[in-house]
Structure formats: structure tokens, C-alpha cells
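# Observations on the model geometry
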Amino acid sequence: MTTPALSGREEVQIAVETSIGATGGALITVPVTSGSFSGEEHYENVRDMGRRGPDVMDFRSGRGVGWSEISWDGIVDEGNATRNAVVGTLLDNLLSSGGNASVARIGATAAYDHRLRLGTTKEYIRVRHRSFAESSIDRQFLDCRVSEMSFRWNAGEGAVEYSVTLVGQAPSAITVATVADHSGDHFMGWQGIVALPSGAVTRLISGEFNITRSAERFYGTQNLRTYSDIYLGPVEATCAMVLDYNVVTDIEDFRGFEASANQGEVSVQFNGGDGDAEGSEDGDSRRFAIGFPNASLGDAPAVLDNSNTNVRLGLTARAMHQAATGGADGIFSSSGNAATTDLTSPIEIQFVTLYTTTY
């Protein structure tokens with residue numbers, strides 16, 4: 001008798017590859033939103049369309065090079081003392097952080113301040129997927145790079161959520177064994193503390209950060225259908241926000257944007273644990289923070305929405321480059337760990353967690 005499949009069961013794991021084609025690295029369980037995982041398998045279909053008499057369009061088809069596009073949704077959690085937060089691993093890959101990733105202990109506490117910034121280190125991720133508890137359909141995607149991530153929240157609803165898209169090799173069959181779950185508590189929308197160029201605001205209702213890089217697959221003539229490498233283009237980062245509009249400085253930030261004025265920090269930090277404010281953390285502190293040190297609010301129209309009981313203002317921020325010499329300081333700090341000076345990254349990420357090792 002055949003054992004029926006458990007249709008609700010699914011498991012996704014990732015591991016950081018030391019080099020392209022490597023299959024080592026510690027596997028990490030990724031909690032994914034039910035039904036959100038997608039692994040599209042692609043092959044170039046090379047068609048022979050040469051005219052040779054019959055009124056037929058296609059005569060032969062040959063399978064060319066292959067690749068995959070993988071995506072899923074999840075919630076941002078803090079990890080635990082054994083493993084960094086999964087979202088940080090994905091962001092580290094997207095930003096090529098490498099040498100621009102850092103970690104510092106916060107005083108004599110059990111909390112550690114992790115920072116991620118744009119770098120030049122090329123890393124890859126291995127993705128494993130099992131569904132329905134049937135090993136015959138388990139699959140693995142090697143040599144993946146993250147090409148897009150988005151983070152969204154609503155102060156009055158639910159958790160801080162994310163979506164991720166990766167490009168990888170065509171999948172191969174594998175038996176996926178269960179690994180330990182090291183996820184921690186997740187961050188909530190109401191925990192957010194927001195800053196705009198005019199200063200901190202308490203009127204942000206909801207928002208979404210988007211970070212995107214083009215992913216270009218490189219194929220060499222090696223009698224292989226797999227790509228030899230994958231390159232990421234420049235980082236493009238934006239943030240869409242909805243505010244309760246009752247203070248004129250919110251729209252003045254938009255009206256005054258230019259190269260020399262009203263360009264500055266746009267960020268949000270979600271304080272978990274005991275909710276300590278930035279710069280006053282203790283061993284119970286947890287944080288996920290994301291922001292642009294130097295942002296312009298002139299990327300899209302300012303929209304006043306009168307369809308609700310309260311008037312709402314929609315603003316869009318775009319991350320800008322800043323020069324290395326004389327550049328602004330980083331936007332995040334912690335107790336005993338100051339903001340990075342002369343920061344050149346257009347985006348900065350901070351995790352305050354129990355885990356001791358850098359990404």
C-alpha cells in the first residue's frame with residue numbers, strides 16, 4: 001500500500017556556498033509562508049525554423065542552457081544564539097557585504113550589533129526544497145544569488161514581512177533531510193521607529209522597502225548547460241511610505257528635495273525583546289533596522305489621500321550614493337558601538353541579536 005503524501009508539509013533550507021559549485025556550508029531552515037515558494041525551471045529552447053518546403057514553422061528543437069528563478073515570502077525573525085537571522089544571510093548575499101559586514105558586542109550583555117552594507121564580495125547560496133514529504137520530488141538549486149528583496153509592514157497589522165527572489169542553476173534531484181529550526185521571535189509592525197530628513201516621526205502607518213539588482217548569468221563554451229558565474233548589477237533601493245498627514249514638515253521634506261537640501265536619512269528600526277531604544281540596549285534587546293543614509297524624496301509624486309477618516313500622505317524615497325571623503329556617518333548605533341563614520345553604502349542594515357558571529 002502506498003503511503004499518501006502529506007500535502008501540507010513543506011521544508012526550505014539554504015546554505016552559504018564558499019565558491020560556485022560548492023555544496024558545503026551549514027544548512028539553515030527557512031520558515032516560508034504557506035504556498036509562497038516558487039522554483040521555476042528554465043531551459044533555452046533552440047528551434048530550427050529553417051524553411052524547407054512544408055508549411056510548418058518548427059522542424060527541430062534542441063535544449064540549450066538552463067537556470068532557475070526561486071522566490072518565497074516569510075516574516076523577519078531574530079534568529080537565536082546558535083544561528084544568525086535567515087533574512088540577514090539573504091541580505092548579505094544581495095549586498096555582497098563580505099568585508100563590509102561587522103559585528104560588535106554591546107557592552108557586557110548577551111546582545112550583538114550586526115551591520116550589513118554594500119560591498120564587493122561575491123557569494124552564492126544553495127537552496128533545498130522538499131514538499132509533501134516525498135523524497136522523490138526533493139530538489140536542490142546551486143549557485144544562487146539574491147537579485148531582489150522587499151520588506152513591508154503596517155503599524156496596526158501583523159508582522160514585518162519579506163519577499164526574496166534568487167537566480168540559480170537548474171535544479172537537481174536530492175533527498176532533503178530535516179535540519180534544526182533556529183528561528184526566533186518575529187518583529188511586529190507596531191515596533192517600528194521611523195526617521196525622515198526632517199527628523200523622527202510617529203505618524204508612519206505602513207511602508208515597503210525594495211532592494212533590487214539585475215542578475216546576469218555568464219555562460220562559457222565548456223560543453224555545459226550550467227552557467228559559469230553570475231554577476232549582479234548596481235543596487236537600486238526605494239521605500240514607499242504612507243503617513244497620517246497632520247504635520248506640514250512631512251510634505252515639506254518632499255517639496256524641498258534637491259542635491260543640497262532635504263536629502264538625508266530615511267530609516268525604520270523595529271525594536272523587539274524589551275524594546276530598548278537605539279543606544280540604550282541591554283541583553284534582552286533585539287532589533288531589525290533598515291534604511292538609507294542619504295535619500296531623496298523626489299522620486300515620485302506626493303499623494304494626499306482623502307478617502308479615509310484621516311488624511312494620508314504617500315511618499316517615496318530613493319537611496320542615493322555619497323562620496324567616501326566627507327560622507328555622512330552611518331544611521332544606526334548601539335550602546336558602546338557608534339555609527340560607522342564616512343559611510344559610502346547607499347543602504348545600511350542592522351540586526352541586534354544573540355548570535356556572536358558576523359555574516
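Bear in mind that the values here come from a model prediction, so they are computed numbers and not experimental data.

Conventions adopted
Residues numbered from 1 in each chain as written. Predicted model: local features only at pLDDT ≥ 70, side-chain atom pairs only at ≥ 80, totals over all residues. Heavy atoms only, no water. Helix = DSSP H or I, 4+ residues; strand = E, 2+ residues; numbered from the N terminus. Rg over C-alpha atoms; globule rule 2.2 N^0.38 Å. Buried < 20%, exposed > 50% of the residue type's maximum accessible area, 1.4 Å probe, protein only. Pairing = 2+ DSSP bridges. Phe/Tyr/Trp six-rings, centres within 6.5 Å; stacked < 30°, edge-to-face > 60°. Lys NZ or Arg CZ within 6 Å of the ring centre and 35° of its normal.

### Some details on the overall build of the protein
Secondary structure summary: the protein contains two helices and 21 strands in total. Taken over the C-alpha trace, the protein has a radius of gyration of 23 Å; the compact-globule value for 359 residues is 21 Å, and the two agree within 12%. Principal axes of the C-alpha set define a box for the protein whose edges measure 70 × 50 × 45 Å. Counting the 359 residues in the protein, one finds 45% classified as buried.

### Things to note about the pairing of strand β7 (residues 124–131)
Here β7 lies mainly inside the structure; eight of its eight residues are buried. Covered by surrounding structure in β7 are Y124, R126, R128 and R130 together with I125, V127, H129 and S131, the residues of both alternating faces. Taken together, the eight bridges between strand β1 (residues 10–17) and β7 define a ladder with antiparallel strand orientation. Bridge assignment links V16 to a residue of β7, and that residue is I125.

### Re the packing of aromatic side chains
Under the definition given, this model contains 12 aromatic pairs. Ring centres 6.0 Å apart and planes at 15° place the aromatic pair F37 and W72 in the stacked group. Within this pair, whereas F37 is found in the loop between β2 (28–29) and β3 (38–48), its partner W72 is found in strand β4 (residues 60–75), the two being separated by 35 residues in sequence. Side by side, F37 and W72 carry an identical accessibility label, which is buried. Ring geometry for F218 against Y231: centres 6.4 Å apart, planes inclined by 55°, an arrangement best described as tilted. On the criterion of sequence distance, the pair formed by F218 in strand β14 (residues 215–218) and Y231 in strand β15 (residues 229–232) is long-range, its members being 13 residues apart. On the accessibility criterion, F218 (40% relative accessible area) is partly exposed. Put simply, the rings of F151, W153, Y162, F187, F209, F270, F288, F292, F351 and Y359 pair up and form one aromatic cluster. Over the face of the ring belonging to F59 we find R52, whose NZ or CZ atom lies 4.4 Å from the ring centre. Over the ring of W67 we find R217, and its NZ or CZ is 3.8 Å from the ring centre.

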